[in-house]
Amino acid sequence: MTQPTNDQILNALREVHHPSRGSDIVSLEMVSGIVVKGGNVGFALNVDPDEAERLEPMRKRAEDAVRAIDGVLSCSVVLTAERAPGGRGPAAPPPDMGAPGAGRQQRPEVQKPLVPDCRAIVAVASGKGGVGKSTTAVNLAMGLAASGLKTGLLDADIYGPSVPRMTGVSGRPTSPDGQRLKPMEAHGVKIMSMGFLVEEDAPMIWRGPMVQSALQQMLGDVEWGELDVLVVDMPPGTGDAQLTMAQRVPLAGAVIVSTPQDIALLDARKAINMFRRVDVPILGIVENMSYFCCPNCGHRAEIFAHGGARGCAAQFGVELLAEIPLDIAIRETSDAGNPIVVSDPESAQARAYSALAASVAATLRDRGGDAMAAPKIVFE
Ligand code: ADP
């Protein structure tokens, strides 16, 4: 099947009119960043942030118009609040990360809660990819759910959404009212991921504002229902996109995942500074792949000079929440869609995650007064 051309897409979009500006979205130069791969189409519509909510039907019409083109298998449109260079819009936040507390930015007033019935949104973040952030987020969410908390898991790692694979959930979310998506569910956790919405090999070139807009939709346009805690698996890194997200999402706190190597810790420091700059409390650090336990003889080897995170936590005055071993069962279970917290809850590895969940829940309760319901956490 031939894939649609940019011209075909733009022609289809000329049929989509802005509700009040008297012209179509192509003539108004609202369309940008068209990406086409094997029938999967993605692009952004640049809108005034104040208009975003009102323009949601227009975004849907744009998606429908492109889906109707021969050869289009899927279409994903995000509203971005990016303004033309030199415009009056909010300046992109600076990418450099200063010392803790330096250049602190105010979090903007949250006008309307994106997830109104959620008591606490917790970000799981890392300074770089591949350190086990998603594995931690998934096991943390499952651990929180196992402790009796109503839990959601949002895979905001749109560059490489791995939550569908790690939770064994596939398929597309449905929308009973045509307006909002129903989250998927696994092991008692409500789950939403960009991986459910775009084809796995569909490349999306995400610019900062698109990331923010996609995340806001995944928060606000999903029927999360009543949640005690929503765990957000953040995109790795500390660039503009992450900073903007940390700023825009009303986060109760952040859990920073790091491996023990110095270089990863350096990245972890950047991540800590990033959240501090936008006044998001750091709930603590998780040292992942902290040490290795030989599955045959039980010998414990500290391959990566274990303990670096403890020093980093002490230096930053934050808690070391957990030290998770480098362990083949953790990798096998998470890559097979059956996280260790649910597949082998009595194992030492699962208990490490359950303890992490207990610390996070306790910290949230302490910080939020009685905002969090007292969980029933049972572990020896
Ligand atoms: P990130 O989200 O930081 O990119 P992932 O969570 O996707 O990292 O993990 C990268 C890979 O490492 C995955 O294959 C995962 O199963 C594996 N992994 C993560 N944590 C551990 C661990 N503690 N022991 C063994 N393998 C792990």
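Residues numbered from 1 in each chain as written. Predicted model: local features only at pLDDT ≥ 70, side-chain atom pairs only at ≥ 80, totals over all residues. Heavy atoms only, no water.

Trainee: What's the story with the overall build of the protein in this structure? I'm lost.
Mentor: Scanning the protein from terminus to terminus reveals 12 helices and 12 strands. For the protein, the proportion of its 380 residues judged to be buried stands at 52%. Sequence separation of 24 or more characterises 75% of the internal contacts of the protein that already satisfy a separation of 6 or more. Taken as a whole, the protein presents about 16,600 Å² of accessible surface, with 51% of it coming from carbon and sulfur. (Helix = DSSP H or I, 4+ residues; strand = E, 2+ residues; numbered from the N terminus. Buried < 20%, exposed > 50% of the residue type's maximum accessible area, 1.4 Å probe, protein only. Contact = heavy atoms within 4.5 Å. Areas by Shrake-Rupley, 256 points an atom, 1.4 Å probe, with all protein chains shown as cover.)

Trainee: What's the story with the environment of alanine 357 in this structure? I'm lost.
Mentor: Relative to the helices and strands, alanine 357 resides in helix H12 (residues 348–367). Each C-alpha atom, one on alanine 357 and one on alanine 141, is 7.6 Å from the other, the two residues being 216 residues apart in sequence.

Trainee: Teacher, can you tell me more about the site of the ligand here?
Mentor: Taken together, 18 residues surround the ligand, and among them Gly130, Lys133, Ser134, Thr135 and Pro325 come closest. Contact distances for the ligand include 2.6 Å between an oxygen atom and a side-chain N or O atom of threonine 135. Take proline 325: an N or O atom from its main chain is 2.8 Å from a nitrogen atom of the ligand. Starting from 560 Å² of accessible surface for the ligand in isolation, the protein chains cover 84%. (Near = heavy atom within 4 Å. Polar contact = N/O pair within 3.5 Å; in protein donor to acceptor, adjacent residues only side chain to side chain.)

Trainee: What's the story with the packing of helix H3 (residues 133–146) against H12 in this structure? I'm lost.
Mentor: For any two helices packed against each other, the geometry is given by the interaxial angle and the distance between the axes. Axis separation between H3 and H12 bottoms out at 8 Å; the angle between their running directions is 70°. With respect to their mutual orientation, H3 and H12 come out roughly perpendicular. Packed against H3, whose contacting residues are Thr135, Thr136, Asn139, Leu140, Gly143 and Leu144, the element H12 presents Tyr353, Leu356, Ala357, Val360 and Ala361 at the interface. Within the contact of H3 with H12, the residues separate by chemical class into 7 nonpolar, 4 polar and no charged. (Axes fitted to C-alpha atoms, helices over the stretch in contact; angles between N-to-C directions. Parallel < 35°, antiparallel > 145°, perpendicular 65-115°, else oblique. Nonpolar A, V, L, I, M, F, W, Y, C, P; charged D, E, K, R; others polar.)

Trainee: Would you mind going over helix H9 (residues 308–316) with me for this structure?
Mentor: Three or four residues apart is the spacing at which side chains of an α-helix point the same way, because the helix has 3.6 residues per turn. Those residues of H9 lying buried are Ala309, Cys312, Ala313 and Phe316. Mapping the buried residues of H9 onto a view down its axis gives an arc of 100°, with all of them on the same face. In H9, the exposed positions angled more than 90 degrees off the buried face are occupied by Ala314 and Gln315. Backbone geometry just downstream of H9 places glycine 317 in the positive-phi region, at approximately 70°. (Arc of directions from axis to C-beta.)

Trainee: Would you mind showing me how to read the confidence of the model for the protein here?
Mentor: Chain-level statistics for the protein give a pLDDT mean of 81 and a share of 82% at 70 or above. Within the protein, the lowest mean pLDDT, 72, falls on helix H7 (residues 240–248), and the highest, 97, falls on H3. Confidence over residues 83–111 falls short of pLDDT 50; this stretch has 53 contacts with residues more than four positions distant or in other chains. (pLDDT = per-residue confidence, 0-100.)

Trainee: Help me understand the environment of leucine 197, please; the structure alone is not making it clear to me.
Mentor: In this structure, leucine 197 sits in helix H5 (residues 194–197). Residue classification places leucine 197 among the partly exposed residues on the basis of a relative accessible area of 24%. Sequence separation of leucine 197 and serine 74 is 123 residues, and the distance between their C-alpha atoms is 8.6 Å. With residues up to four places along the chain from it excluded, the contact list for leucine 197 reads Arg172, Pro173 and Leu181.

Trainee: Before we go on, may I ask you to explain the sheet that holds strand S2 (residues 40–46) in this structure?
Mentor: Strand pairing in a sheet takes place through backbone hydrogen bonds and is either antiparallel or parallel in direction. Read across the open sheet, the 3 strands follow the order S1-S2-S3; overall the sheet is mixed. The open sheet has two edge strands, strand S1 (31–37) and strand S3 (74–80), and neither has a second partner. Averaged over all pairs of adjacent strands, the angle between strand axes in this sheet comes to 10°, irrespective of strand direction. The pairing of S1 with S2 spans 5 bridges and is classified as antiparallel. Note that in S2 the partner of serine 32 across the bridge is alanine 44. Helix H1 (residues 6–13) rests against S1 and S2 of the sheet, and its axis sits at about 130° to S1. Running over the sheet, helix H2 (residues 56–67) touches S2 and S3 and is turned about 150° from S3. (Pairing = 2+ DSSP bridges.)

Trainee: Which parts of the structure should I look at to understand unusual backbone geometry?
Mentor: Negative phi characterises most residues that are not glycine, and trans characterises most peptide bonds. The backbone phi angle of glutamate 29 is positive, close to 55°, even though this residue is not glycine. By the secondary structure assignment, glutamate 29 is in the loop between H1 and S1. One non-glycine residue, histidine 187, adopts positive backbone phi at about 50°. Positionally, histidine 187 belongs in the loop between strand S6 (184–186) and strand S7 (189–193). Residue classification places histidine 187 among the partly exposed residues on the basis of a relative accessible area of 40%.

Trainee: Would you mind showing me how to read the pairing of strand S12 (residues 320–326) here?
Mentor: Along any regular strand, the residues point their side chains to alternate faces of the sheet. Within S12, 5 of the 7 residues are buried, which leaves it mostly tucked inside the rest of the structure. Pairing geometry for strand S10 (residues 282–293) and S12, over 5 bridges, is parallel. Its bridge partner being in S12, isoleucine 285 is matched across the sheet by leucine 320.

Trainee: I'm lost on the pattern of salt bridges in this one. Help?
Mentor: Pairing is possible between side chains of opposite charge, provided their charged atoms come close. As enumerated under the stated definition, the model contains 14 salt bridges in all. When the shortest N-O distance is used, the salt bridge between arginine 54 and glutamate 51 registers 2.6 Å. On the accessibility criterion, arginine 54 (44% relative accessible area) is partly exposed. Classification of glutamate 51 as buried rests on a relative accessible area of 19%. Across the pair arginine 310 and glutamate 323 runs a salt bridge whose closest N-O atoms are separated by 3.6 Å. (Salt bridge = Lys/Arg side-chain N within 4 Å of Asp/Glu carboxyl O.)

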